[in-house]
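Each chain is listed here by its residues.
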Amino acid sequence: YNTRYNGISILRYSNPYISWEKSYKQNFALEIGMWDELSVIAEYFTEKRANILMSRASIPNTMGLTATPRANVGEASGKGVDVMLEYQKVWSKDFWSSARANFTYATSKYEVYEEPEYREPWRSRVGYSLHQARGYIAERLFVDDEEAASSPPQYIGTTIYGGGDIKYLDVNRDGKITEADMVPIGHPTVPEIVYGFGVSTGYKGFDCSLFFQGAARQSFWINPGGTAPFINDAQILKAYADSYWSEENQDIYALWPRLSPSWNSNNFTTSTWFMRDGSFLRLKQVEVGYTIPQRFTEKIKMNNLRFYVSGTNLLLFSKFKMWDVEMAGNGLGYPNQRVINFGLNLSFN
C-alpha cells in the first residue's frame with residue numbers, strides 16, 4: 001500500500017582477499033656528453049600493473065546480491081621513451097647560445113579487464129589504452145522527422161529524437177542503435193606525445209629566449225551539455241549561432257544539431273560528432289632583454305641593470321579554432337591568458 005519500511009542496506013560486502021595493487025617497473029637509460037657542448041639523455045621505461053581493484057562483472061543477478069563485489073582482477077601495462085637534448089656553445093666573448101628539447105612518447109593498455117563476454121569484440125577494453133574513450137559513430141543529422149522515423153531506432157537515453165538530431169551508425173547491423181554499437185573512438189584523452197623545445201642566445205648586452213610546448217595523439221570532446229544554448233541560461237557561442245540545424249536550414253552537417261530548451265540525451269551522448277583533435281603547439285614564453293654595460297652602472301654604484309619584455313601564451317597552432325584547445329571541451333570556462341610584462345632587474349653595491 002505504497003508504504004516503505006527501513007531495513008538493512010548493503011553498499012559493500014566484506015572481502016578479506018582484497019590487497020594492494022602491484023606495480024613492476026623497468027627503466028633503461030643512456031646519458032651521453034660530447035665536446036662539452038651537447039648532452040643527450042634517453043630513457044626507455046616499462047611498467048606492469050597487477051591486482052587492479054575492479055568491480056566484478058560476471059556475478060549473475062540470481063545470486064541476490066545488493067552490491068557488486070570487488071576483487072583484484074585487473075592487469076595493465078605501459079611503455080614509452082623519454083629523450084632530452086641540451087646544447088650550449090660560447091662562440092666568442094660577446095656571443096653565446098643554448099638550445100634544449102624534450103620528447104616523451106608513452107602508451108598503455110589493459111591486459112586483463114573485468115567485463116562480460118561480449119558478442120561484439122570491439123566492446124572489450126583489453127588491448128586498448130587506459131584512457132581510451134568509447135562512443136557512437138555519428139553519420140550526420142537526420143534530414144527531417146520522416147527520416148528519423150524510418151531509420152533504425154536509437155535507444156539512447158529517454159529523449160524523443162527527430163529531424164536535426166544526430167544519426168548514429170548501426171555497427172553490429174541488428175537494426176537498432178544500442179550500447180552494443182559503441183566503439184573505441186579517437187585517441188586517448190591523455191596525450192601519448194608530449195614535447196617541448198626552446199633556444200636562448202645573447203650578444204653583448206642583448207639576450208633573447210623562447211620556449212615552445214606541445215602535445216599530440218590526444219582527443220577531447222566538446223561538452224554539449226555545458227555549452228548548449230538556452231540550457232541553464234547559458235550564453236550562445238557564436239560558432240553554434242553560425243551553424244545549427246533548423247527547419248529553414250536543414251544542414252545535415254551543421255556544427256550544432258536542432259536547438260532544444262532541455263537536455264537532449266540523444267545528441268549529448270559521447271560520439272564522434274563532438275570529437276576533436278587535441279594536438280597543439282604553443283609558443284609558451286618569449287623574453288627579450290638588454291643589460292646596461294658595467295662601465296655605466298659602476299658610475300651610479302650599481303652591480304647590474306637590465307631591462308626586459310616577456311610574453312606568455314603568445315601563439316597557438318592547432319586544428320581546433322573554436323577556443324583555446326587546452327580548455328578541452330569546456331568552451332565557456334576561463335581561458336588561458338596572454339600576458340605581456342615589462343620590467344627591469346637592478347642590484348646595488
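Residues numbered from 1 in each chain as written. Predicted model: local features only at pLDDT ≥ 70, side-chain atom pairs only at ≥ 80, totals over all residues. Heavy atoms only, no water.

Engineer: Where do I start with the nonpolar core in this structure?
Structural biologist: As a rule of thumb, nonpolar side chains are buried together in soluble globular proteins. Counting residues in hydrophobic clusters, the biggest one holds 27 residues, and the most contacted among them are Leu141, Ile166, Tyr168, Tyr240 and Trp323. Only β6 (138-141) and β7 (166-168) provide two or more residues apiece to this core. Those residues in contact with Trp323 that sit more than four places away from it in its chain are Ile222, Thr227, Leu237, Tyr240, Ala328, Gly329, Asn330 and Gly331. (Core = buried A, V, L, I, M, F, W, Y, C linked by side-chain atoms within 4.5 Å. Buried < 20%, exposed > 50% of the residue type's maximum accessible area, 1.4 Å probe, protein only. Helix = DSSP H or I, 4+ residues; strand = E, 2+ residues; numbered from the N terminus. Contact = heavy atoms within 4.5 Å.)

Engineer: Teacher, can you tell me more about the pattern of salt bridges here?
Structural biologist: Charged atoms that come close allow side chains of opposite charge to pair. Using the criterion set out here, one finds 15 salt bridges in the structure. For Arg49, the salt bridge identified is with Glu21, shortest N-O distance 2.7 Å. In this pair, Arg49 sits in strand β2 (residues 38-55) while Glu21 sits in the segment before β1 (22-34), placing the two residues 28 residues apart along the sequence. For Arg49, a relative accessible area of 26% corresponds to the partly exposed category. Each of Arg140, Glu147 and Lys167 takes part in salt bridges that share partners, so that together they form one network. (Salt bridge = Lys/Arg side-chain N within 4 Å of Asp/Glu carboxyl O.)

Engineer: Explanation requested: the environment of Ile222 in the structure shown.
Structural biologist: Assignment of secondary structure puts Ile222 in the loop between β11 (219-221) and α2 (224-227). Along the backbone, Ile222 and Gln154 are 68 residues apart, and their C-alpha atoms lie at a distance of 21 Å. Among residues more than four places away in sequence, those in contact with Ile222 are Thr227, Tyr240, Phe274, Arg276, Phe320, Met322, Trp323 and Gly329.

Engineer: Help me out: how do you make sense of the sheet that holds strand β13 (residues 280-291) in this one?
Structural biologist: One open sheet accounts for 9 strands, arranged β1-β2-β3-β4-β9-β10-β13-β14-β15; its pairing is antiparallel. Either end of the sheet is taken by a strand with one partner, and the two such strands are β1 and β15 (339-348). Going across the sheet, the axis of each strand differs from the next one's by a mean of 10 degrees, ignoring polarity. Examined bridge by bridge, strand β4 (residues 95-112) and strand β9 (residues 193-203) share 11 bridges and lie antiparallel to one another. Bridging from a neighbouring strand, Trp96 pairs with Gly202 of β9. (Pairing = 2+ DSSP bridges. Axes fitted to C-alpha atoms, helices over the stretch in contact; angles between N-to-C directions.)

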